[in-house]
Amino acid sequence: MMIAEYFSFLPFGKYAFYVWSSYIIFFVTVFWLFYRTKKIHERIFNQLRIKYDREDNK
Amino acid sequence: MWKWIQAFASPQNFYRISGTLIPWFLYPFVLLVTIGLYWGLYVAPIDYQQGDSYRIIFIHVPAAWMSMLVYLIMAISAGIGLIWQIKLANVVAKVSAPIGAGFTFLALVTGSIWGKPMWGTWWVWDARLTSELILLFLYLAYMSLNNAFDNPKKAAKASSILALVGIINLPIIHYSVKWWNTLHQGASISSMDKIAAPAIHPDMLWPLLIMVVAFQLMYAALVLQRGRDEILFNEQNMRWVKDLIKGGER
């Protein structure tokens, strides 16, 4: 309950800690899913580009 | 219809069509998640029993529903891939797993955070919570098994069997609150008798439904993008992939 009281200055009073921490985890998870998708996309494109360049230069 | 499905199931067509579809899922997702969060966090009234803590349901419930829906899609795709050897079905199953695991993780963590002020504990070995945790382990096991083989065909076969066996967990999650005496509350809107008369006020129901649609759009956008990349990797020896990469098209 101490943590909840510490965050009581935020909207949602004594539940502010629980509500905002849930929404932070939500944003982090969504960001992570999109970030990983972007990274996989870049990795595959770069990997294939290097492979085709190597094949063409043989 | 069957012809259209067959045409769409060809990797090259899937790559092309999905590229057109992604923005149609992504932008409505951003719009709906903004509306849903604003409505859920600021417009919806305070619950007379739970106070503001109930606002966690606007992410917890859609995440929990999606965790089951994505598993169902994953298992059906895995089954189609296993029986009819359709490459695209295996791709959908494979790329759905990490997204479904993300939703399951979100459902478990937000449920735990809601449980602390409401139940007085972060976790109980309740049938609903335990079966949802098993779902997370099933996703992780599927991903591990899929990456454990060098041969993609063997990997798809082994992980598909696991996905199909794991489908038994879905009715257990859904009916756990009916079959056992659980601390987790029963269905408020998802059971057939509750659809006509939901036990939740419209001011709280609408943002919840908007968030559910937003989560579905997010899944669609992510699965299409990840599916496109998986197809490029699998079809790397095909001429069209080489032309596409060399042409610098994304």
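Before reading further, recall that the structure is shown in the block above.
### What to know about the overall build of chain A
No. 1: Assigned secondary structure in chain A consists of two helices and zero strands.
No. 2: Whereas a compact globule of 58 residues would reach a radius of gyration of roughly 10 Å, chain A reaches 22 Å, over 25% beyond that.
No. 3: When the backbone C-alpha atoms are referred to their principal axes, chain A occupies close to 70 × 15 × 15 Å.
No. 4: As displayed, chain A has an accessible area near 3,900 Å², and 66% of this comes from carbon and sulfur atoms.
No. 5: One finds the centroid of the 9 positive side-chain charges in chain A at a distance of 3 Å from the centroid of its 5 negative side-chain charges.

### Considerations on the overall build of chain B
No. 1: Helix and strand counts for chain B come out as 10 helices and zero strands.
No. 2: Reading chain B from its N end, one meets helices and strands in the order α-α-α-α-α-α-α-α-α-α.
No. 3: Its C-alpha atoms give chain B a radius of gyration of 20 Å, within 12% of the compact-globule value 18 Å for 250 residues.
No. 4: Judged by the C-alpha coordinates and their principal axes, chain B covers about 65 × 35 × 30 Å.
No. 5: Here chain B holds 250 residues, and the buried ones make up 48% of them.

### Looking at the packing of aromatic side chains
No. 1: Applying the stated criterion across every chain, the model contains 19 aromatic pairs over all chains.
No. 2: Ring centres 5.8 Å apart and planes at 20° place the aromatic pair Phe31 of chain A and Tyr35 of chain A in the stacked group. Note that Phe31 of chain A and Tyr35 of chain A are positioned in helix H2 (residues 16–57) at a spacing of four residues, about one turn of the helix.
No. 3: Residue Phe31 of chain A is classed as exposed on the basis of its relative accessible area of 56%.
No. 4: Residue class for Tyr35 of chain A comes out partly exposed when judged on its relative accessible area of 35%.
No. 5: Taking the centre distance of 5.9 Å and the plane angle of 25° together, the rings of Phe34 of chain A and Phe29 of chain B count as stacked. Highlighted residues: Phe34 of chain A in helix H2 and Phe29 of chain B in helix H2 (residues 11–43), drawn from two different chains.
No. 6: For Phe34 of chain A, a relative accessible area of 25% corresponds to the partly exposed category.
No. 7: Positioned over the ring face of Tyr15 of chain B is Arg228 of chain B, at 4.0 Å from the centre of the ring.

### Examining helix H6 (residues 152–166) of chain B
Residue and element names in this part refer to chain B.
No. 1: Along its 15 residues, H6 runs 21 Å from first to last C-alpha, staying within 8% of the 21 Å computed at 1.5 Å per residue.
No. 2: Residues Ala155, Ala156, Ser159, Ser160, Ala163 and Gly166 constitute the buried set of H6. The buried side chains of H6 occupy one side of the element, clustering within an arc of 125° when seen end-on. More than 90 degrees from the buried face of H6, the exposed residues found are Lys153, Lys154, Lys157 and Val165.
No. 3: Against the buried residues of H6 lie helix H3 (57–84), helix H4 (87–119), helix H5 (127–148) and helix H7 (169–179).
No. 4: The backbone nitrogen of Lys153 has a side-chain oxygen 2.9 Å away, supplied by the residue at the start of H6, namely Asn151.

### Notes on the side chain of Arg128 of chain B
All names here are of chain B.
No. 1: Looking at the element boundaries, Arg128 is found in helix H5.
No. 2: At 6.2 Å, Glu132 is the nearest oppositely charged side chain to Arg128, a buried residue that forms no salt bridge.
No. 3: With near-sequence residues (within four places) excluded, Arg128 lies in contact with Ile173, His174, Ser176, Val177, Thr182 and His184.

### Structural notes on the nonpolar core
No. 1: Counting residues in each nonpolar core, the largest one holds 78 residues, and the members touching the most others are Phe26 of chain A together with Tyr71, Phe215 and Leu232 of chain B.
No. 2: Elements represented by at least two residues in this core include exactly H2 of chain A together with H2, H3, H4, H5, H7, helix H9 (202–234) and helix H10 (239–246) of chain B.
No. 3: With 14 residues, H9 of chain B is the single largest residue contributor to this core.
No. 4: Apart from residues lying up to four places away in sequence, Phe26 of chain A is in contact with Val33, Leu37, Ile59, Leu106, Met211 and Phe215 of chain B.

### Some details on the packing of H5 of chain B against H7 of chain B
Residue and element names in this part refer to chain B.
No. 1: Packing of H5 against H7 leaves a shortest axis separation of 8 Å and a crossing angle of 160°. Judged by the angle between their axes, H5 and H7 are roughly antiparallel. As for the relative orientation of H5 and H7, their crossing is left-handed in sense. Contacts between H5 and H7 involve Ala127, Arg128, Ser131, Glu132, Ile134, Leu135 and Leu138 from the former and Asn169, Leu170, Ile172, Ile173, His174, Ser176 and Val177 from the latter.
No. 2: Among the residues making up the contact of H5 with H7, the classes are represented as eight nonpolar, four polar and two charged.

### Examining the interface of chain B and chain A
Accessible area lost upon the coming together of the parts serves often as the stated size of an interface.
No. 1: Between chain B and chain A, the contact holds 45 residues from the first and 32 residues from the second.
No. 2: A combined buried area of about 3,500 Å² lies between chain B and chain A, and 73% of that area is made up of carbon and sulfur atoms.
No. 3: The interface formed by chain B and chain A includes four salt bridges.
No. 4: Taking the shortest distance from any N to any O, the salt bridge between Lys242 of chain B and Glu55 of chain A comes out at 3.9 Å.
No. 5: Inspection of the chain B/chain A interface yields 11 residue pairs in polar contact (both at pLDDT 80 or more).
No. 6: Elements represented by at least two residues in the side of chain B that touches chain A include exactly H2, H3, H4, H9 and H10 of chain B.

Conventions we followed
- Residues numbered from 1 in each chain as written.
- Chains lettered and ligands numbered in written order.
- Predicted model: local features only at pLDDT ≥ 70, side-chain atom pairs only at ≥ 80, totals over all residues.
- Heavy atoms only, no water.
- Helix = DSSP H or I, 4+ residues; strand = E, 2+ residues; numbered from the N terminus.
- Rg over C-alpha atoms; globule rule 2.2 N^0.38 Å.
- Areas by Shrake-Rupley, 256 points an atom, 1.4 Å probe, with all protein chains shown as cover.
- Lys, Arg positive; Asp, Glu negative; His and termini not counted.
- Charge placed at Lys NZ, Arg CZ, Asp CG, Glu CD.
- Buried < 20%, exposed > 50% of the residue type's maximum accessible area, 1.4 Å probe, protein only.
- Phe/Tyr/Trp six-rings, centres within 6.5 Å; stacked < 30°, edge-to-face > 60°.
- Lys NZ or Arg CZ within 6 Å of the ring centre and 35° of its normal.
- Expected span 1.5 Å × (residues − 1).
- Arc of directions from axis to C-beta.
- Contact = heavy atoms within 4.5 Å.
- Polar contact = N/O pair within 3.5 Å; in protein donor to acceptor, adjacent residues only side chain to side chain.
- Salt bridge = Lys/Arg side-chain N within 4 Å of Asp/Glu carboxyl O.
- Core = buried A, V, L, I, M, F, W, Y, C linked by side-chain atoms within 4.5 Å.
- Axes fitted to C-alpha atoms, helices over the stretch in contact; angles between N-to-C directions.
- Parallel < 35°, antiparallel > 145°, perpendicular 65-115°, else oblique.
- Left-handed = near helix turned anticlockwise from the far one by under 90°.
- Nonpolar A, V, L, I, M, F, W, Y, C, P; charged D, E, K, R; others polar.
- Buried area = accessible area lost by both parts, 1.4 Å probe.

So, to be careful, I would describe these as geometric facts and stop short of saying anything about function.
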